[in-house]
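Chain residues, written in single-letter form:
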Amino acid sequence: MTAKTRQTQSFDVMVLGAGIVGVSTALHLQRLGLSVALIDRKHPGEEASFGNAGIVQRNGFVPHAVPTHPLTLLGILFGRSSAVSLDMATVLRLLPWLRQFHAAGNARGVEAYSRAIAPLRAFAVEEHLDLAHATNANRFYRQGGWLHLYRSETAFQASETERQYARVFGVSYREVSAGEIGTLEPGLTAQGLRGVHWPESCSVSNPGAVVDAFWRGFVHDGGGYFRADAMKLKQERGGWQIEGERGTLFSRQAVVALGAWSADLLARLGETYPLAVKRGYHMHYRPLSGASLSRPVVDVENGFALTPTDNGIRLTTGVELAERDAPPNPAIVKLAKRRAEEIFPLGRALQEQPWMGSRPCLPDSLPVVGPSAKIPGLWLNFGHAHDGFTLGPVTGRLLASMIAGKQPFLDPAGLSALRFAT
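Worth saying up front: this structure is predicted, and the values here are computed from it rather than measured.

Definitions and cut-offs
- Residues numbered from 1 in each chain as written.
- Predicted model: local features only at pLDDT ≥ 70, side-chain atom pairs only at ≥ 80, totals over all residues.
- Heavy atoms only, no water.
- Helix = DSSP H or I, 4+ residues; strand = E, 2+ residues; numbered from the N terminus.
- Rg over C-alpha atoms; globule rule 2.2 N^0.38 Å.
- Buried < 20%, exposed > 50% of the residue type's maximum accessible area, 1.4 Å probe, protein only.
- Pairing = 2+ DSSP bridges.
- Contact = heavy atoms within 4.5 Å.
- Axes fitted to C-alpha atoms, helices over the stretch in contact; angles between N-to-C directions.
- Parallel < 35°, antiparallel > 145°, perpendicular 65-115°, else oblique.
- Left-handed = near helix turned anticlockwise from the far one by under 90°.
- Nonpolar A, V, L, I, M, F, W, Y, C, P; charged D, E, K, R; others polar.
- Core = buried A, V, L, I, M, F, W, Y, C linked by side-chain atoms within 4.5 Å.
- Patch = residues over 30% accessible without salt bridge, like charges linked within 9 Å, V, L, I, M, F, W, Y side chains within 5 Å.
- Areas by Shrake-Rupley, 256 points an atom, 1.4 Å probe, with all protein chains shown as cover.
- Salt bridge = Lys/Arg side-chain N within 4 Å of Asp/Glu carboxyl O.
- pLDDT = per-residue confidence, 0-100.
- Phe/Tyr/Trp six-rings, centres within 6.5 Å; stacked < 30°, edge-to-face > 60°.
- Lys NZ or Arg CZ within 6 Å of the ring centre and 35° of its normal.
- Arc of directions from axis to C-beta.

A. Quick peek at the overall build of the protein chain. Each helix and strand counted, the protein chain has 13 helices and 22 strands in total. Expected size for 422 residues packed as a compact globule is a radius of gyration near 22 Å; at 21 Å, the protein chain falls within 12% of this value. C-alpha atoms of the protein chain, sized along the principal axes, occupy 70 × 45 × 40 Å. A total of 422 residues make up the protein chain; the buried ones form 56% of that total.

B. Up close: the sheet that holds strand 3 (residues 55-56). Spatially, three strands are ordered 3-9-5 in an open sheet, and the strand pairing comes out antiparallel. Because the sheet does not close on itself, it has two edges, and the strands there are strand 3 and strand 5 (141-142). Bridge analysis of strand 5 against strand 9 (residues 202-204) gives two bridges, and the strand direction is antiparallel. When the sheet's bridge partners are listed, Arg142 is paired in strand 9 with Ser203.

C. Region of interest: the side chain of Asn302. On the secondary structure map, Asn302 appears in the loop between strand 15 (297-299) and strand 16 (304-309). Note on Asn302: relative accessible area 12%, which makes it buried. Leave out the neighbours within four places in its chain, and Asn302 touches Ser82, Ala83, Arg151 and Arg339.

D. Spotlight on the packing of helix 1 (residues 20-31) against helix 6 (residues 107-134). Two elements in contact, helix 1 and helix 6, have axes whose closest approach is 12 Å; the angle formed by their N-to-C orientations is 70 degrees. Classed by the angle they form, the pair helix 1 and helix 6 counts as roughly perpendicular. Every pair of crossing elements has a handedness; the one defined by helix 1 and helix 6 is left-handed. Where helix 1 abuts helix 6, its residues Ile20, Ser24, Leu27, His28 and Arg31 lie against Glu127, His128, Asp130, Leu131 and Ala134. Of the residues in the contact of helix 1 with helix 6, the class split is four nonpolar, three polar and three charged.

E. A look at the nonpolar core. Counting residues in each nonpolar core, the largest one holds 64 residues, and the members touching the most others are Val15, Val23, Leu38, Tyr141, Phe214 and Val255. Take this core: its biggest share by element is 10 residues, from helix 6. The residues touching Leu38, leaving out its near neighbours within four places in the chain, are Val15, Gly17, Ala18, Gly22, Val23, Ala26, Trp215, Phe218, Gly224, Tyr225 and Phe226. Judged by nonpolar contacts, the second largest core, of 31 residues, contains Met14, Ala263, Leu275 and Leu362.

F. Looking closely at a nonpolar patch on the surface. Taken together, Leu71, Leu74, Leu77, Leu86, Met88, Leu92 and Leu95 make up a surface patch of nonpolar side chains, about 640 Å² in accessible area. Those elements giving two or more residues to the nonpolar patch turn out to be helix 3 (70-77) and helix 4 (88-93). Residue contributions to the nonpolar patch peak at three residues, all from helix 3. Mapped onto the fold, Leu92 is located in helix 4.

G. Summary view of the confidence of the model for the protein chain. Summing up the model confidence of the protein chain, the mean pLDDT is 94 and the portion of residues at 70 or higher is 98%. Note on residues 1-5: pLDDT is under 50 here. Beyond four places in sequence and across chains, it has four contacts.

H. Highlighting the packing of aromatic side chains. Evaluation of the coordinates by the stated rule reveals 11 aromatic pairs. Taking 6.3 Å as the distance between ring centres and 15 degrees as the angle between the ring planes, the aromatic pair formed by Tyr165 and Phe169 counts as stacked. Connected via pairs of aromatic rings, a cluster forms that spans Phe61, Tyr165 and Phe169. Note that Arg41 overlies the ring of Trp261, its terminal NZ or CZ placed 5.3 Å from the centroid. Above the face of the Phe156 ring, Arg194 is positioned so that its terminal group lies 3.7 Å from the ring centre.

I. Here's a closer look at the pattern of salt bridges. Evaluated as defined, the whole model comprises 23 salt bridges. Here Arg93 ties to Glu323 by a salt bridge, and the two come within 3.0 Å at their closest N and O atoms. Taken together, the residues span a long stretch of sequence, with Arg93 in helix 4 and Glu323 in the loop between strand 18 (319-321) and helix 12 (330-340) at a distance of 230 residues. What makes Glu323 partly exposed here is its relative accessible area of 32%.

J. Structural view of the environment of Pro186. Inspection of the secondary structure assignment puts Pro186 in the loop between helix 9 (178-184) and strand 8 (194-198). Sequence spacing of Pro186 and Ser292 is 106 residues, and the spatial spacing of their C-alpha atoms is 7.9 Å.

K. Highlighting helix 12. Where helix 12 is concerned, the buried positions are Ile332, Val333, Leu335, Ala336 and Ala340. Looking straight down helix 12, one finds its buried side chains confined to an arc of 165 degrees; they lie on one side. Pointing more than 90 degrees away from the buried face of helix 12 are the exposed residues Lys334 and Arg338. Here the buried face of helix 12 lies against strand 4 (84-86), strand 14 (276-286), strand 16, strand 17 (312-316) and strand 18.

L. A look at the pairing of strand 21 (residues 368-371). Sheet analysis places strand 21 next to strand 22 (residues 378-382), joined by four bridges and oriented antiparallel. Across the sheet, residue Pro371 finds its bridge partner in strand 22, namely Trp379. Where strand 21 folds back onto strand 22 in an antiparallel hairpin, the turn is made up of six residues, including Gly377, whose phi is positive at roughly 85 degrees.

M. Region of the structure containing unusual backbone geometry. Notably, Ser289 is not glycine yet its phi reads approximately 45 degrees, a positive angle. Take Ser289: its relative accessible area is 75%, and that puts it in the exposed class. Even without glycine at this site, Ser365 takes up a positive phi of about 65 degrees. Relative to the elements of secondary structure, Ser365 occurs in the loop between strand 20 (355-361) and strand 21.

Structure, rendered in C-alpha cells:
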C-alpha cells in the first residue's frame, strides 16, 4: 500500500459500532452538518441489531425482573425454563451485578425507570419512521402493534404494573380474551390464553435489512464507513485516532456505541461500567398448513417471541446468562421451540444453526447516553438491554444533538454516565 493511500483522514466525529445505535447516531450527526466516520469490524447490523424480534415498542415501562418464585427458580436451575437459562459460573461472577439489578426492580427503581424511559418510548416509533422514510426502509415497517400472551391468571395479574404505567403515560392497550386472540391471530391455539394488544407499537419484517438501509443512506449522503478494530482506538492530542483497513482515521470526538463490547474498550481507556450480557437466540421456521401471524406475539411466562419476517416465522428466545463469547447452547432453542409449538405450528426450520447474540445490560436497565464521566471528547451510547432496536434512533438523535451543542429534544439527565461514576 502506498503512502498516499495510508494518509490520515480527518472527521469531526468517529462512531465506533455499526449496529442500529451507532448507525442512527451517525445519521443524526450527519444531519447536523458534521463529518462522520462510522467504524466496525463487521458489516453494519450483524450483531444484536440483526437478531432481535423486530419490535419498536411504544410500551415497556417496567424493567425485566429477577425471578423470585421458588418453583420458577427450580425450573431455571434444572434447565426447564425457556424464559431464563444460566451458566452457574457466570451467575456467581455476576452476583454483585444481579444484586444491583434486583434492587433496581423495587417500587422506587421501577418508578425511576419509567420516568426515564417514557420520553424515549414516546418518540421511538416516530424516530424509526423518520429514518426509514429518509433511507427507503419504509417497506420493512408495519402497523398493527404486538400481542402479549399469558397462560395463567397469575402471570396476567403480575403484569398489571405495566398497564398501570401505560395509563399514566397515555399509551393505549386492549385486554383480550382467548376468543379475541383467535380473531386477531387465527393461527394461534388460543384456548386458555389471556392477552394484551399494544396497538401503538410497530414492527419490521427484517431488522438486519433496516439497519443496512439506514447505513446505505448514511453512505449515500457522504458518510464514511471503515473496517477497523475499535479496541485499537488511541487518544491523541486534540482527539482520537484509529488504524483502519484503508489508513489512519482521526477525529476530534468519538462515540462508543459497541453494544456488548462497549465495556471492553472503556476499561482500556480507564472507565469501568457494570455492563452485563444477556444472550439470546433465534431460528426461522416455515409454519405448517398455511398458518401465519400478522404481528409479533410474545409468550410472557415462557420468554419467547414469534415474529413474522421476510424469512419465515422468527422464534426469539428468552434470556441466557452465560459468558458473551462462550459456545452456543442449542438446548435453549429446542426448549423454546417445544413451548412455542404448544400455541403455534412452527413447522420446518429454515436455517441449519440458531443465530446467537448478546444484549448489553446495565443494572438499572437504562442505557448510558451522553459524555464520558472522565474523558473529554468521548461520548457514550450503549447499554440498551432489550431495547436497542427500539431506542437506537431516539438515543442516536439525542446524543447527536448533545455533541453538536444543540438543545436536546428531551432531558438526558436520567441516562447520564455520572450515575455510575465512583
